[in-house]
Amino acid sequence: MKLWGMPILLGLLTAAGLAGALVGEGGWDDLAALALAVPVAVGAWHALRRLSGTKD
Amino acid sequence: MPTTLVFVNENDYYLHSFTPPIPMTSSTVRRWAWIHKWSSLVCTLFMLLLCITGLPLIYHHDIVHLLGNDAAAPRMAPGTPRAGVDEVIAAGRAMYPDKIMMYMSQEVDEPDIWNLTLGDNPTDPNYKPIAVDARSARVLAEPAFEGGAFMSLMFHLHVDLYAGVPGKLFLGLMGLLLLVAIVSGVVLYAPFMRKLDFGTVRRDRTRRLKWLDLHNLLGIVTLVWALVVGATGMINTWAELLLNVWQTTEVAEMLRPYQGMAPAPATASVQLAVARAEAAEPGMKVAFVAFPGTPFSSTHHYGVFMRGDTALTARLYKPVLVDAQSGQVTDRRSLPWYLVALLMSQPLHFGDYGGAPMQFLWALFDVATMIMLGSGLYLWARRARAAKAAAQAGASLEAA
């Protein structure tokens, strides 16, 4: 779960976002976009943080 | 690609951080690494091309509009009556009296415009697009072919490499390799990330290690999106094949009563055909009319393709076949599953079904995928260089 928990969560959110916008209308589109935005945000956050070179 | 690094001593990363999981022996990892390396290597440059050309295609409508290559309907009082479909066709044909009608269509969000395409024959690739006002039946514009030179270039580089159906199928094969690369990449994610927290990017060690971590991170966060867009893109490359199957099975069956009859000129009023189709499918609107001889119709019919009004049903056309001489509805049936799959694949590939936020997310996923592809290529190149250097070092050691 430590290994696959996050990938599974992001995968489910992506799938829900892609499908939700297809079947839903109006408000569902926004909700779907929100779900799709999570993997993008998580990826960007991990990829861009500590760009200044600070070590942990 | 980077996973081949696993087996070199160039870096101690693998040996120190990798404990083979119980079910996965090192030879299993080696096999998956080989699959990942070669499937990616073959498709990566094409995938980069698809990502680069796909970016403007996400904003196709907006760019065509900005370039002034689309048609706009003038504002008229709400409730202005619509012109007859036959009048609209006559206006278009007056521009090219020697050409025949191929299709006429309406976009969901632009009911004031009929988009006509005319050609020298029903499958003319150099068709003429004409936009006609649906109310005044006046020709509004001859929109630039394929949205203008730039968008046309992006489109062909993305869709068929200017090589028609074989070009499409080739790109579809590259898409299949991408899917193999994604799946093998996920399998390899486990041995690489087992000892690391999700999202770890080791910036304080070697540059290669940093890019390896970024490759794994971007690969895993874009996973489902890339799988869906890759798979639906591949399905889209089969469009002609699937239409052919439909032609030779269901359309052939619908044509059985016409066996032995020479193709007759389409004399029935299209307006009447549309009206009858609308009466046959209450609650649905015309998406497009395919004229006799086009791949969406038969030699004896107008194919009137109806659509519903929800996001989903607007894409699931229902064809009503109208005899092009008698004007009678002769057949209507739901599309077969493989054409439904094709039609559903289009929005999921284009990302055009959830408004501006989704378009923007599509662009972000696209950019992340490019970085993922580029980093994979970089990791492979580093590995190749390291191997060469090691071989040379070995050789000079032997010489000495």
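Residues numbered from 1 in each chain as written. Chains lettered and ligands numbered in written order. Predicted model: local features only at pLDDT ≥ 70, side-chain atom pairs only at ≥ 80, totals over all residues.

So, the overall build of chain B
Here comes step 1: The helix and strand tally for chain B stands at 12 helices and 8 strands.
Here comes step 2: Since a compact globule built from 400 residues should have a radius of gyration of about 21 Å, the 27 Å found for chain B marks it as more spread out than a globular shape.
Here comes step 3: Taken over the C-alpha atoms alone, chain B extends approximately 90 × 50 × 40 Å along its principal axes.
Here comes step 4: Residue burial in chain B is summarised as follows: out of 400 residues, 34% are buried. (Helix = DSSP H or I, 4+ residues; strand = E, 2+ residues; numbered from the N terminus. Rg over C-alpha atoms; globule rule 2.2 N^0.38 Å. Buried ≥ 20, exposed ≤ 12 C-beta atoms within 10 Å, placed from the backbone.)

Considerations on the packing of helix 4 (residues 85-95) of chain B against helix 10 (residues 270-280) of chain B
Residues and elements named next belong to chain B.
Here comes step 1: The interhelical angle for the contact between helix 4 and helix 10, taken along N-to-C directions, is 140°, at an axis separation of 7 Å. As summarised for this structure, helix 4 and helix 10 are arranged oblique, according to the angle between their axes. For the crossing formed where helix 4 meets helix 10, the hand is right-handed. Facing helix 4, whose interface residues are Val85, Asp86 and Ile89, helix 10 presents Val270, Gln271 and Val274. (Axes fitted to C-alpha atoms, helices over the stretch in contact; angles between N-to-C directions. Parallel < 35°, antiparallel > 145°, perpendicular 65-115°, else oblique. Left-handed = near helix turned anticlockwise from the far one by under 90°. Contact = placed C-beta atoms within 7 Å.)

As for the interface of chain A and chain B
By a widespread convention, an interface's size corresponds to the accessible area lost as its parts come together.
Here comes step 1: Taken together, the contact pairs 27 residues of chain A with 31 residues of chain B.
Here comes step 2: Residue assignment for the side of chain A that touches chain B shows that the elements contributing at least two residues are helix 1 (5-23) and helix 2 (27-48) of chain A.
Here comes step 3: Among the elements that make up the side of chain A that touches chain B, the one with the highest residue count is helix 2 of chain A (12 residues).
Here comes step 4: Residue classes in the side of chain A that touches chain B are distributed as 17 nonpolar, 5 polar and 5 charged. (Nonpolar A, V, L, I, M, F, W, Y, C, P; charged D, E, K, R; others polar.)

Observations concerning the pairing of strand 7 (residues 318-323) of chain B
Residue and element names in this part refer to chain B.
Here comes step 1: For strand 7, a buried count of 5 out of 6 residues is recorded, marking the element as mostly surrounded by other parts of the structure.
Here comes step 2: Across 6 bridges, strand 6 (residues 301-307) lies against strand 7 in antiparallel orientation. The residue of strand 7 that forms the bridge with His301 is Asp323.
Here comes step 3: Pairing between strand 7 and strand 8 (residues 329-332): 3 bridges, direction antiparallel. Directly across from Val320, in strand 8, lies its bridge partner Arg332. (Pairing = 2+ DSSP bridges.)

Observations regarding unusual backbone geometry
Residue and element names in this part refer to chain B.
Here comes step 1: Here the phi dihedral of Ala137 falls at roughly 60°; this positive angle occurs in a residue that is not glycine.
Here comes step 2: Tracing the chain through its elements places Ala137 in the loop between strand 3 (128-133) and strand 4 (139-141).
Here comes step 3: Phi at Leu161 takes a positive value of approximately 50°, unusual for a residue other than glycine.
Here comes step 4: Secondary-structure assignment places Leu161 in the loop between helix 5 (149-159) and helix 6 (164-193).
Here comes step 5: Taking the number of C-beta atoms within 10 Å as the measure of exposure, Leu161 has 15 and is therefore partly exposed.

Brief notes about the sheet that holds strand 3 of chain B
As a general point, the strands of a sheet are linked pairwise by backbone hydrogen bonds and lie either parallel or antiparallel.
All names here are of chain B.
Here comes step 1: Read from one edge to the other, the open sheet built from 8 strands follows the order 4-3-2-1-5-6-7-8, with strand pairing classed as antiparallel. Whereas interior strands pair on both sides, the edge strands pair on one side only; in this sheet they are strand 4 and strand 8. The average undirected angle you get between the axes of adjacent strands in this sheet is 30°.
Here comes step 2: For strand 5 (residues 285-290) and strand 6, the ladder comprises 5 bridges, and the chain directions are antiparallel. Across the sheet, the residue bridging to Ala290 is Gly303, located in strand 6.

A word on the domain arrangement of chain B
Here comes step 1: For chain B, the assigned domains read domain 1 (2-62 + 161-236 + 354-399) and domain 2 (73-143 + 267-324).
Here comes step 2: Taking only C-alpha atoms into account, the centre of domain 1 of chain B sits 45 Å from that of domain 2 of chain B. (Domains from an automatic or database assignment.)

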